[in-house]
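Chain by chain, the residues run as shown.
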Amino acid sequence: MPAYRRRTEQFISLAQECGFDLCGVAAVGEISEYHFFEEWVRAGMAGQMRYLTDHRAALRRDARLLLPSAVSVLCAGKVYRTQENPGGGAGKGRVSSYAWGGDYHDWMRRHLEMLVGRLKDEWGEFESKVCVDTAPLLERAIARSAGLGWIGRNMCLINERIGSWFFLGEILASVSMAASNPPPGRCGTCRRCIDACPTQALVPTRESDGPGYALDSRKCISYLTIELRGEIPPDLRAAMGDHLFGCDICQDVCPWNSKSPMALEPEFQPRHAFPDLEESAALTPEEFRERYRGSPVWRAKHEGFLRNVAVAMGNSGDPRYVPALRTLAAQGGPVVGEHAEWALSRLSSSTF
Ligand code: SF4
Ligand code: SF4
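Residues numbered from 1 in each chain as written. Chains lettered and ligands numbered in written order. Predicted model: local features only at pLDDT ≥ 70, side-chain atom pairs only at ≥ 80, totals over all residues. Heavy atoms only, no water.

Participant: Even after reading the chapter, I still don't get the packing of aromatic side chains, so can you show me in this structure?
Facilitator: Between two aromatic rings, the relevant description is the distance of the centres plus the angle of the planes. This structure, assessed with the given rule, holds 17 aromatic pairs. Taking 5.4 Å as the distance between ring centres and 80° as the angle between the ring planes, the aromatic pair formed by Phe20 and Trp107 counts as edge-to-face. Taken as a pair, Phe20 in the loop between helix 1 (3-17) and strand 1 (22-27) and Trp107 in helix 4 (residues 104-123) lie far apart in primary sequence, 87 residues in all. A single burial state applies to Phe20 and to Trp107, both of which are buried. Here the aromatic cluster, defined as three or more aromatic residues joined through ring pairs, consists of Phe20, Tyr80, Tyr98, Tyr104, Trp107, Trp165, Phe167, Phe245 and Phe268. A cation over an aromatic ring shows up here: Arg81 above the ring of Trp165, its NZ or CZ 3.7 Å from the ring centre. (Phe/Tyr/Trp six-rings, centres within 6.5 Å; stacked < 30°, edge-to-face > 60°. Helix = DSSP H or I, 4+ residues; strand = E, 2+ residues; numbered from the N terminus. Buried < 20%, exposed > 50% of the residue type's maximum accessible area, 1.4 Å probe, protein only. Lys NZ or Arg CZ within 6 Å of the ring centre and 35° of its normal.)

Shown next as structure tokens:
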């Protein structure tokens, strides 16, 4: 067997031993999907996410801009969902399932570095770079060409066997390996994610050669609750329901997720899946830090989290939140205060 093929087989076997559920190899080169990304940015659909639109945007064109000696991209996926989503219920908010446990970057980076160490034991020294979603890579496009799945109409990478509840990580490597084959798209005539999205954030695109849909982040609840700083557009708040951090709706409805395996890692087990709204509204900055430092929820910051809690309270239809909202309106700062006022007005005027 040629060495480049043997290396791919060794990688697949060692990735499994290091705890990954999916793996595959993509050859390094210009990413053919890059023009979709450019078009998406040009259309303003990245919203305020400057890390996608500033000087780092062009680095996504080719992985060699991150590691000039790279020849292969070794992609690995890790299932993160730990239970079915039972919903928050009365008095509770909702956190996206990727954020139920600790910060996944730690697990991914640690295990990718362990994998690099095992590969170097086998192959000798080579140049490498570990990337976990903060690196400027078009990682879903690369993972698709590495055979991990296809990009669904919900813009998630979907694997036929395990669905879409998995994290992605990459190792850029200066070794030649046999590349995997990308699978065909299997969305067929399904439109469940598009129909279920409460804010119509999955929008049709013009390109005839593209995926047909794009995610307009500016309307997406994940973006609104996590990335957006400041005011949430008032016309989108009612559709946010009880979401405090992220949104899983377009993955929950996807038929490819109906038989997804569950993660057993202690670090991914739920700690903050359905926070109590009243308790969340009363968190001081110190308590927020103590609870969410080391969790993806930390990214929303205290102000963003309270803003989201106020919107969820306004959407609850439950007058018991009036005192907590009055406190937020009086003491919460301009952004939180404005959202608390909106929530009070919604509670008093709506029929639910
Ligand atoms: S995450 Fe939620 S808001 Fe965003 S596209 Fe999916 S269903 Fe729509
Ligand atoms: S819900 Fe249907 S259209 Fe959407 S990603 Fe899943 S299979 Fe594709």
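Participant: Would you mind going over helix 14 (residues 333-349) with me for this structure?
Facilitator: An α-helix turns once every 3.6 residues. As a result, residues three or four positions apart point the same way. The terminal C-alpha atoms of helix 14, which comprises 17 residues, lie 24 Å apart, in line with the 24 Å expected from a rise of 1.5 Å per residue. All of the buried residues in helix 14 are Val335, Val336, Gly337, His339, Ala340, Trp342, Ala343, Leu344 and Leu347. Next to the buried residues of helix 14 lie helix 8 (234-237), helix 12 (301-316) and helix 13 (322-331). (Expected span 1.5 Å × (residues − 1). Contact = heavy atoms within 4.5 Å.)

Participant: Looking at this model, I keep getting lost on the site of ligand 2. Mind explaining?
Facilitator: Around ligand 2, the neighbouring residues are Gly152, Arg153, Asn154, Ile158, Cys187, Cys190, Arg192, Cys193, Cys254, Pro255 and Trp256. Of the residues contributing to the shell around ligand 2, the split by class is 7 nonpolar, 2 polar and 2 charged. (Near = heavy atom within 4 Å. Nonpolar A, V, L, I, M, F, W, Y, C, P; charged D, E, K, R; others polar.)

Participant: Help me understand the pairing of strand 7 (residues 166-173) in this model?
Facilitator: Residues in a regular strand point their side chains to alternate faces of the sheet. With 8 of its 8 residues buried, strand 7 lies for the most part within the structure. Of the two faces of strand 7, the one holding Phe166, Leu168, Glu170 and Leu172 and the one holding Phe167, Gly169, Ile171 and Ala173 are both buried throughout. Both strand 2 (residues 72-79) and strand 7 contribute to a ladder of 8 bridges, which runs antiparallel. Within the sheet, the bridge partner assigned to Cys75 lies in strand 7 and is Glu170. Bridge analysis of strand 4 (residues 128-132) against strand 7 gives 5 bridges, and the strand direction is antiparallel. Note that in strand 7 the partner of Val130 across the bridge is Ile171. (Pairing = 2+ DSSP bridges.)

Participant: What is the right way to look at the domain arrangement of the protein chain in this model?
Facilitator: How big an interface is tends to be stated in terms of the accessible area lost upon association of its parts. Each assigned domain of the protein chain is listed with its residue range as follows: domain 1 (3-82 + 102-173) and domain 2 (275-352). Computed over C-alpha atoms only, the centres of domain 1 and domain 2 are separated by 36 Å. Taken together, the contacts link 4 residues of domain 1 with 4 residues of domain 2. A buried area of about 240 Å², summed over both sides, lies between domain 1 and domain 2, and 61% of it is on carbon and sulfur atoms. When the buried area of domain 1 at its contact with domain 2 is split by residue, Tyr51, Gly102 and Asp103 rank highest and sum to 83% of it. (Domains from an automatic or database assignment. Buried area = accessible area lost by both parts, 1.4 Å probe.)

Participant: I would appreciate a short explanation of helix 4 in the present structure.
Facilitator: Across its 20 residues, helix 4 extends 28 Å between first and last C-alpha, which sits within 8% of the 28 Å expected from 1.5 Å per residue. Directly beyond the C-terminal end of helix 4, a positive phi value near 85° is found at Gly124.

Participant: I tried to follow the nonpolar core on my own but got confused; where do I start?
Facilitator: Nonpolar side chains in soluble globular proteins tend to end up buried together. Counting 109 residues, the largest nonpolar core has Phe11, Phe20, Leu115, Leu172 and Leu325 as its most contacted members. Three or more residues apiece are contributed to this core by two domains, here domain 1 (3-82 + 102-173) and domain 2 (275-352). Residues in contact with Leu325, not counting those within four places in the same chain, are Ala310, Met313, Ala340, Ala343, Leu344 and Leu347. One finds Met155, Leu202, Tyr213 and Cys250 within the second-largest nonpolar core, a separate group that totals 6 residues. (Core = buried A, V, L, I, M, F, W, Y, C linked by side-chain atoms within 4.5 Å.)

Participant: Can you help me understand the pattern of salt bridges in this one?
Facilitator: Any two side chains of opposite charge can pair, on the condition that their charged atoms come close. Evaluated as defined, the whole model comprises 22 salt bridges. Between Asp195 and Arg191 there is a salt bridge, and its shortest N-O distance comes to 3.2 Å. By relative accessible area, Arg191 is classed as partly exposed at 36%. The shortest N-O distance in the salt bridge between Glu338 and Arg237 comes to 3.0 Å. You can see Glu338 sitting in helix 14 and its partner Arg237 sitting in helix 8, a full 101 residues away along the chain. Given the relative accessible area of 32%, Glu338 is considered partly exposed. Since its relative accessible area comes to 0%, Arg237 is described here as buried. One salt-bridge network, in which partners are shared between bridges, spans Asp21, Lys78 and Glu265. (Salt bridge = Lys/Arg side-chain N within 4 Å of Asp/Glu carboxyl O.)

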